[in-house]
Amino acid sequence: MLRLIAHRLVVSVALAFVVSLAAFLLQSAAPGDLARAILGQNFSIQAHEQLRHQLGLDQPLLAQYGQWLRDALRGDLGTSPISGLSVADEITGRLPVTLSLIGCATAVTAFVGVALGVVSAVHGGRIGRIVDVLSLIGYALPSFWFALTMVTLFAVTVQLLPATGYVALGASPAGWARSLVLPVATLALPGIAVFAKQTRDAMLAALSRDYVTALRAHGVPETSVVLRHALRNAAIPVVTLVGLTFIGLLSGTVFVESVFAMPGLGGLAVQATSLHDIRMIQGVVVVFTVIVVVVNLVVDLAYGWLNPKARVR
């Protein structure tokens, strides 16, 4: 297990370097100019060249990246030339919003999807078909339509939940939960069907094994057979799917944060990209990369705990 962790950490460091370099080069090649964005519409060529020199934009791209990397390794992500705010402070202030959104959406997706998959595998028949149909309907519904429908129904018509905004957990736990219901439901709906199908297939395979027949023959309660033995063996592919879902929701937050006006990293990334704010973009990319690395490491550890054969790799 220690060898697996060490290997993953080495790969993760290399991955973070490659991703940050690729993001820097791609953003630099994108249309737009940071100096022009700061100066506005009316500016002289001399002022434009002077500002580019002050920002270091007239240096070679690799030299600019090298300077950013040296500062980042010291924990300094720089200052946004657009807003004048610290990149680290901006990210720190918005990170809890995105993590709350993704974490809750992943938990809801996994819990509901696994429950539906277990019910479908155990009962089968009409119940199984109903679960399958409901799961596929949820997967087929467009996210933007579902989000607008939820806002219209629960925020405008019933006025039960807020339509936009975010309440910090420390300020009001109840308000925090209420502000997350609609965006979490929007993010979780498509993934529930995937979890249900994966869990059902894995549970059907586990329940057909000989050890399940032996447990039932020895009088072990059916609940224990399903939840304690079969579900644990079926959990290996599901654990991998949890990690993939968490990572995939990072991109989904861009849409959800825009619809529900939530001050998260998704909206910050879109704003920084439109303004050609390379320092802010680099900071967001690094944070997203670290999140992906940590999630993958946790999934690997969970996989190794559930499947001892994976520890010898």
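Residues numbered from 1 in each chain as written. Predicted model: local features only at pLDDT ≥ 70, side-chain atom pairs only at ≥ 80, totals over all residues. Heavy atoms only, no water.

1. Remarks on the packing of aromatic side chains
Phase 1: Here the structure, examined in full by the defined rule, presents three aromatic pairs.
Phase 2: Each residue in the set Phe17, Phe24, Tyr65 and Trp68 is aromatic and connected to the rest through ring pairs, giving one cluster. (Phe/Tyr/Trp six-rings, centres within 6.5 Å; stacked < 30°, edge-to-face > 60°.)

2. Notes on the nonpolar core
Soluble globular proteins tend to bury their nonpolar side chains together.
Phase 1: Within the largest apolar cluster, 45 residues are counted, with the highest numbers of intra-cluster contacts made by Ile91, Leu101, Leu182, Phe260 and Ile291.
Phase 2: Taken together, the elements giving at least two residues each to this core come down to helix 1 (2-29), helix 4 (61-73), helix 5 (87-123), helix 7 (143-157), helix 8 (173-207), helix 10 (222-259), helix 11 (265-274) and helix 12 (278-306).
Phase 3: Tallying contributions element by element places helix 12 first for this core, with eleven residues.
Phase 4: If we ignore the near neighbours within four places in the chain, the residues touching isoleucine 291 are Leu95, Leu99, Phe246 and Leu250.
Phase 5: Within the second largest apolar cluster, 17 residues are counted, among which are Val118, Leu207, Leu215 and Ala234. (Core = buried A, V, L, I, M, F, W, Y, C linked by side-chain atoms within 4.5 Å. Buried < 20%, exposed > 50% of the residue type's maximum accessible area, 1.4 Å probe, protein only. Helix = DSSP H or I, 4+ residues; strand = E, 2+ residues; numbered from the N terminus. Contact = heavy atoms within 4.5 Å.)

3. Observations concerning unusual backbone geometry
Phase 1: Positive phi, normally seen in glycine, also occurs at glutamine 159, with a value near 55°.
Phase 2: Relative to the elements of secondary structure, glutamine 159 occurs in the loop between helix 7 and helix 8.

4. Some points on helix 4
Phase 1: The terminal C-alpha atoms of helix 4, which comprises 13 residues, lie 18 Å apart, in line with the 18 Å expected from a rise of 1.5 Å per residue.
Phase 2: Restricting attention to buried positions, one finds in helix 4 the residues Gln64, Tyr65, Gly66, Trp68 and Asp71.
Phase 3: Looking one or two residues beyond helix 4, the residue adopting positive phi is glycine 75, at roughly 90°. (Expected span 1.5 Å × (residues − 1).)

5. Overview of the packing of helix 7 against helix 8
Phase 1: Running from N to C, helix 7 and helix 8 cross one another at 145°; their axes reach a closest spacing of 10 Å. Taken as a pair, helix 7 and helix 8 cross one another with a handedness that is right-handed. Two secondary-structure elements touch here, helix 7 through Ser143, Phe146, Ala147, Met150, Val151, Phe154 and Ala155 and helix 8 through Leu182, Ala185, Thr186, Leu189 and Pro190.
Phase 2: Tallied by class, the residues present in the contact of helix 7 with helix 8 amount to ten nonpolar, two polar and no charged. (Axes fitted to C-alpha atoms, helices over the stretch in contact; angles between N-to-C directions. Left-handed = near helix turned anticlockwise from the far one by under 90°. Nonpolar A, V, L, I, M, F, W, Y, C, P; charged D, E, K, R; others polar.)

6. Some details on the packing of helix 5 against helix 8
Phase 1: Where helix 5 meets helix 8, the closest approach of the two axes is 4 Å, and the angle between their N-to-C directions is 35°. Judged by the sense of rotation from one axis to the other, the crossing of helix 5 with helix 8 is right-handed.

7. What to know about the confidence of the model for the protein chain
Phase 1: Within the protein chain, residue pLDDT values average 81, and 94% of them lie at 70 or more.
Phase 2: When the elements of the protein chain are averaged for pLDDT, helix 2 (residues 34-39) gives the smallest value, 71, and helix 5 the largest, 89. (pLDDT = per-residue confidence, 0-100.)

8. Considering the environment of threonine 98
Phase 1: Along the chain, threonine 98 turns up in helix 5.
Phase 2: The buried category is assigned to threonine 98, whose relative accessible area is 0%.
Phase 3: Along the chain, threonine 98 and leucine 39 lie 59 residues apart, while their C-alpha atoms are 32 Å from each other.
Phase 4: In contact with threonine 98, not counting residues within four places along its chain, are Thr253, Glu257, Gly264, Leu265 and Gly266.

9. Here we look at helix 7
Phase 1: The terminal C-alpha atoms of helix 7 lie 20 Å apart, and with 15 residues this matches the ideal 21 Å at 1.5 Å per residue to within 8%.
Phase 2: For helix 7, the full list of buried residues reads Phe146, Ala147, Met150, Val151 and Ala155.
Phase 3: Summarising the contacts, the buried residues of helix 7 are in contact with helix 8 and helix 10.
Phase 4: One or two steps after helix 7, the chain reaches glutamine 159, where phi turns positive at roughly 55°.

10. A few points about a nonpolar patch on the surface
Phase 1: Taken together, the side chains of Ile130, Val133, Leu134 and Ile137 define a hydrophobic patch exposed on the protein surface, amounting to about 370 Å² of accessible area.
Phase 2: By the element assignment, valine 133 lies in helix 6 (residues 125-140).
Phase 3: Given the relative accessible area of 47%, valine 133 is considered partly exposed. (Patch = residues over 30% accessible without salt bridge, like charges linked within 9 Å, V, L, I, M, F, W, Y side chains within 5 Å. Areas by Shrake-Rupley, 256 points an atom, 1.4 Å probe, with all protein chains shown as cover. Salt bridge = Lys/Arg side-chain N within 4 Å of Asp/Glu carboxyl O.)

11. A word on the pattern of salt bridges
Phase 1: This structure, assessed with the given rule, holds five salt bridges.
Phase 2: Across the pair arginine 74 and aspartate 71 runs a salt bridge, and its minimum N-O distance is 2.5 Å.
Phase 3: Overall, aspartate 71 belongs to the buried group, its relative accessible area being 10%.
Phase 4: Residues aspartate 201 and lysine 197 are paired through a salt bridge, measuring 3.1 Å at the closest nitrogen-oxygen approach.

12. Brief notes about the environment of alanine 35
Phase 1: With respect to the helices, strands and loops of the structure, alanine 35 is situated in helix 2.
Phase 2: Among the residues examined, alanine 35 registers a relative accessible area of 0% and is labelled buried.
Phase 3: Alanine 35 has contacts with His48, Leu51, Arg52 and Leu57, leaving out every residue within four places of it along the chain.

13. Observations regarding the environment of leucine 34
Phase 1: Tracing the backbone shows leucine 34 in helix 2.
Phase 2: Classification of leucine 34 as buried rests on a relative accessible area of 5%.
Phase 3: The spatial distance from the C-alpha of leucine 34 to the C-alpha of aspartate 277 is 6.4 Å, given a sequence separation of 243 residues.
Phase 4: If we ignore the near neighbours within four places in the chain, the residues touching leucine 34 are Leu55, Leu57, Pro81, Ile82, Leu275, His276 and Asp277.

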